[in-house]
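Architecture and fold: a report
Here's the letter readout for the chains.
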Amino acid sequence: MDRLDSAYDDIARGDDHPDGAHAVSDGPDAGPAAGVWTGVSPKYVWPELIGWVVTGLIVAAATTPLWLLDRWWAYGITAAVVVIFALVAAFTPRRVRAIRYQLRDDDLLLRKGVMFVRFVAVPYGRMQLIDINRGPVVRALGLSDLKFVTAAAASGVTIPGVPADDADALRDRLVGLAESRRAGL
């Protein structure tokens, strides 16, 4: 548990690199899991913001027929929806900065979340497919999403907002690691 706490503290401090990537290295006494945490591109904030703003506008528009009732609470519902989605949009940059991954000796460790933090370790030997997705907004920003399909179909591990060139190189590296680990099984 101390390793996770140490990793969380290192991530919270974060280093910004000139190329936009975020990397944090563990200290000399960080234990066997010491390594470099890599963050997603800061440009990934835009697809996330666009998604939340569009969803908020649709939900707010869906509440406008209630205004025909000419009741105060109908306007309150629309206002509450707008405030909630505005707050979510305001915290989006922090949530994106919290997404980090680390390539370790035997697995890939992914960390997501600010309030509810999720650590997922994906063993290289269990990776069956590494899928690169590029939607229109993400592609326009030169980014990709890496999705990992493992032996457990419900794992749903995705690293969003990786620069396209880095995503291709990371996919090739992970495929090589997965093949070598599966050969050793």
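Model, not experiment: these values are computed from the prediction. (Residues numbered from 1 in each chain as written. Predicted model: local features only at pLDDT ≥ 70, side-chain atom pairs only at ≥ 80, totals over all residues. Heavy atoms only, no water.)

Some words on the overall build of the protein chain
- Within the protein chain, the regular secondary structure consists of five helices and eight strands.
- For the protein chain, the succession of helices and strands along the chain, N to C, is α-β-β-α-α-β-β-β-β-α-β-β-α.
- The burial tally for the protein chain puts 35% of its 185 residues in the buried class.
- Taking all contacts inside the protein chain whose residues are at least 6 apart in sequence as the whole, residues at least 24 apart take part in 45%.
- Approximately 10900 Å² of the protein chain is accessible, and the part contributed by carbon and sulfur atoms is 61%. (Helix = DSSP H or I, 4+ residues; strand = E, 2+ residues; numbered from the N terminus. Buried < 20%, exposed > 50% of the residue type's maximum accessible area, 1.4 Å probe, protein only. Contact = heavy atoms within 4.5 Å. Areas by Shrake-Rupley, 256 points an atom, 1.4 Å probe, with all protein chains shown as cover.)

Here's the deal with helix H3 (residues 72-97)
- Here H3 is 26 residues long and its end C-alpha atoms lie 39 Å apart, about the 38 Å a rise of 1.5 Å per residue gives.
- Along H3, the sharpest change in direction is near 40° and occurs at Phe91; proline Pro93 comes one to four residues later.
- Considered for burial, the residues of H3 that qualify are Ala74, Thr78, Val81, Phe85, Ala89, Thr92 and Val96.
- Looking at the buried positions of H3, the neighbouring elements they touch are helix H2 (45-63). (Expected span 1.5 Å × (residues − 1). Bend = angle between axes of the 7 residues up to and from the residue.)

Comments concerning the sheet that holds strand E6 (residues 127-133)
- Pairing in this open sheet of three strands is antiparallel, and the strands run E6-E7-E8 from one edge to the other. Edge positions in the open sheet fall to E6 and strand E8 (157-163), since each of these has one partner strand only. This sheet shows a mean twist of 20° between the axes of neighbouring strands, independent of strand direction.
- Taken together, the five bridges between strand E7 (residues 143-150) and E8 define a ladder with antiparallel strand orientation. Looking across to E8, one finds that Leu146 is bridged to Ile159. (Pairing = 2+ DSSP bridges. Axes fitted to C-alpha atoms, helices over the stretch in contact; angles between N-to-C directions.)

Observations concerning the pattern of salt bridges
- According to the stated counting rule, one finds five salt bridges in the structure shown.
- Salt-bridge contacts for Arg134 lead to Asp168; the nearest nitrogen and oxygen are separated by 3.1 Å. Of the two residues, Arg134 sits in the loop between E6 and helix H4 (136-140) while Asp168 sits in helix H5 (residues 164-183), which places them 34 residues apart along the sequence.
- When salt bridges with common partners are traced through the structure, they connect Arg134, Asp168, Arg171 and Asp172 into a single cluster. (Salt bridge = Lys/Arg side-chain N within 4 Å of Asp/Glu carboxyl O.)

Here we look at a nonpolar patch on the surface
- Taken together, the side chains of Trp46, Ile50, Val54, Ile58 and Val137 define a hydrophobic patch exposed on the protein surface, amounting to about 470 Å² of accessible area.
- A per-element tally of the nonpolar patch places H2 first, with four residues.
- Along the polypeptide, Val54 turns up in helix H2. (Patch = residues over 30% accessible without salt bridge, like charges linked within 9 Å, V, L, I, M, F, W, Y side chains within 5 Å.)

Regarding the nonpolar core
- One finds Leu108, Met127, Leu146, Phe148, Ile159 and Leu174 to be the most contacted residues of the largest nonpolar core, which totals 28 residues.
- For this core, the elements supplying multiple residues, two or more each, are H2, H3, strand E4 (107-112), strand E5 (118-123), E6, E7, E8 and H5.
- Sequence-distant contacts of Leu146, that is, excluding residues within four places in its chain, are made with Ile130, Asp131, Ile132, Val157, Thr158, Ile159, Val162, Ala167, Leu170 and Arg171. (Core = buried A, V, L, I, M, F, W, Y, C linked by side-chain atoms within 4.5 Å.)

Overview of the packing of aromatic side chains
- This structure, assessed with the given rule, holds three aromatic pairs.
- Judged by centre distance (5.6 Å) and plane angle (40°), the ring pair of Trp67 and Tyr75 falls under tilted.
- A residue is classified by how much of its surface remains accessible, and Trp67, at 37% relative accessible area, is partly exposed. (Phe/Tyr/Trp six-rings, centres within 6.5 Å; stacked < 30°, edge-to-face > 60°.)

Section: H2
- For H2, built from 19 residues, the straight-helix expectation of 27 Å at 1.5 Å per residue is met to within 8% by its first-to-last C-alpha distance of 27 Å.
- Against H3 and H4 lie the buried residues of H2.

So, the environment of Thr55
- Summarising the element assignment, Thr55 is placed in helix H2.
- Its relative accessible area of 37% is what places Thr55 among the partly exposed residues.

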